[in-house]
Amino acid sequence: MGDAEIIPIGTRGRPGRGSGSAQPSSAARGLAPKPAPKPATKPATKKAPSRKAPATKAAPTPAVDAPAEAERAPVVATDREPAGGIPASDWLAALQGAAREVFGEQWEPQLARFLAFLRRRVTGAYEVDEYGFDPEVTERFLMATLRPIAEKWFRVEVRGAENIPSEGGALVVSNHSGTIPVDGLMTMVSIHDTTGRFLRPLGADLVFRLPFVSTIARRSGATLACTEDAERMLRGGELVGVWPEGFKGIGKPYAERYKLQRFGRGGFVSAALRTGVPIVPLSVVGAEEIYPLVGNVPSLARLLGLPYIPITPLFPLLGPLGLVPLPSKWLLEFGEPIRTDEFEPGAADDPMLVFNVTDQVRETIQQTLYTLLMQRQSVFR
């Protein structure tokens, strides 16, 4: 019934042909394509796969985002890439650059030598002589500490280093000054840097009574200033240093600067005569100005068991800052060696001969001091 009631346009009011069945006209056939909206439904049928596509392609989505996740993965520290996402090769390059800035291009051999030094210290594979001298510690620490002070602060200039024997025993005799015996330390580093030899100082008994100072003195090669130790070192081929003025030299007032005090009884000359080693006179200019001594407190010095309590223009007025030495210009000149092997055996027991040789050494140093003072144009330049 529903099909019979549909009357195409253009047939309304016309009788049909045949047995009453409606025959569509040609115009009606031309209107037959009007149901064309059906193709519009075809995209709707094609959209179904598009709606399913996300569901079917959702599985490979993590593979597409994997690179982005991989970039965030190095936040976890591994052996190849440490925490922070910086490759280990970059860390290593940065460390090598920093070591090169501090130690120079030869930082790797220096690091290897330092590690070898630590290994020897831990295992005990190092040598110390009968006096407690440790050449390795002296070279690596004491000399390395004193060298910048000598080169940059005091600007030490060494003359006559060729007069120091390259081998065998010898006795270096020097003037003493400076309120604090810094001249002995500067002499040690200067001789080592110019000749490669270690100077073995003879120190006063006060040096070896101080807790910390005595250990450093022993490790650096110093020993007590007695004739027996001096002779043993000289016979053993050591380069021995002595400052005959003692505390009278370093504790003299600034008004008496560069005027040598008495050289004692000449015990150092007796040691040189018995061993037949040369005596090398040394004159030091510049140490008198590092702590200009303008006063003393003898009562307090006796109470503390010290030879003197110095008063300088900066100490104790500025406290610890007053202990910083003034940057004076230093000159060290080694004179021609005085031979002692030409004297007869037993010459060391002749008091007059010992006195004459002692006076000769003292006058040589004094005259050289006057010459250097005339050559020096300024105290601090």
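Residues numbered from 1 in each chain as written. Predicted model: local features only at pLDDT ≥ 70, side-chain atom pairs only at ≥ 80, totals over all residues. Heavy atoms only, no water.

Caption draft 1: View of the overall build of the protein chain. Tallying secondary structure elements over the protein chain gives 13 helices and nine strands in all. Residue burial in the protein chain is summarised as follows: out of 381 residues, 34% are buried. A sequence separation of at least 24 residues applies to 75% of the contacts in the protein chain between residues at least 6 apart. Surface summary for the protein chain: the accessible area is close to 23,400 Å², and the carbon and sulfur share equals 60%. (Helix = DSSP H or I, 4+ residues; strand = E, 2+ residues; numbered from the N terminus. Buried < 20%, exposed > 50% of the residue type's maximum accessible area, 1.4 Å probe, protein only. Contact = heavy atoms within 4.5 Å. Areas by Shrake-Rupley, 256 points an atom, 1.4 Å probe, with all protein chains shown as cover.)

Caption draft 2: Layout of the packing of helix α9 (residues 227–235) against helix α11 (residues 267–275). Between α9 and α11, whose axes approach to 9 Å, the crossing angle comes to 35°. For the element pair α9 and α11, the recorded crossing hand is right-handed. Note on element contacts: α11 touches α9 through Ala-271, Ala-272, Arg-274 and Thr-275, opposite Thr-227, Ala-230, Glu-231, Leu-234 and Arg-235. When its residues are assigned to classes, the contact of α9 with α11 shows four nonpolar, two polar and three charged. (Axes fitted to C-alpha atoms, helices over the stretch in contact; angles between N-to-C directions. Left-handed = near helix turned anticlockwise from the far one by under 90°. Nonpolar A, V, L, I, M, F, W, Y, C, P; charged D, E, K, R; others polar.)

Caption draft 3: View of a nonpolar patch on the surface. Taken together, the side chains of Ile-149, Trp-153, Leu-314, Leu-317, Leu-318, Leu-321 and Val-324 make up a nonpolar region of the molecular surface, amounting to roughly 640 Å² of accessible area. Considering the arrangement of structural elements, one finds Trp-153 in helix α6 (residues 135–153). The exposure class assigned to Trp-153 is partly exposed, which follows from its relative accessible area of 36%. (Patch = residues over 30% accessible without salt bridge, like charges linked within 9 Å, V, L, I, M, F, W, Y side chains within 5 Å. Salt bridge = Lys/Arg side-chain N within 4 Å of Asp/Glu carboxyl O.)

Caption draft 4: View of the sheet that holds strand β1 (residues 157–159). Spatially, seven strands are ordered β1-β9-β6-β2-β5-β3-β4 in an open sheet, and the strand pairing comes out mixed. Two strands close off the open sheet at either side, each with one partner strand: β1 and β4 (223–224). The pairing of strand β3 (residues 199–203) with β4 spans two bridges and is parallel. Of the residues in β4, the one forming a bridge with Leu-202 is Thr-223. Packing against the sheet, helix α13 (residues 351–375) makes contact with β1, β2 (170–174), β6 (279–285) and β9 (331–334), and its axis sits at approximately 35° to β6. (Pairing = 2+ DSSP bridges.)

Caption draft 5: Fine view of the packing of α11 against α13. Orientation of α11 relative to α13, taken along the N-to-C sense of each, is 110°, at an axis distance of 9 Å. By the criterion of interaxial angle, the relationship of α11 to α13 is roughly perpendicular. Contacts between α11 and α13 involve Phe-268, Val-269, Ser-270 and Leu-273 from the former and Val-354, Val-357 and Thr-358 from the latter. (Parallel < 35°, antiparallel > 145°, perpendicular 65-115°, else oblique.)

Caption draft 6: Representation of unusual backbone geometry within the structure. Pro-316 follows Phe-315 through a cis peptide bond whose omega is 5°. In this fold, Pro-316 is placed in the loop between β8 (310–311) and β9. The backbone of Thr-179 sits at a positive phi, close to 70°, despite the residue not being glycine. Tracing the chain through its elements places Thr-179 in the loop between β2 and α7 (182–195). Since its relative accessible area comes to 7%, Thr-179 is described here as buried. One non-glycine residue, Tyr-258, adopts positive backbone phi at about 60°. With respect to the helices and strands, Tyr-258 occurs in the loop between α10 (247–250) and α11. Relative accessible area serves as the criterion here: at 4%, Tyr-258 is assigned to the buried category.

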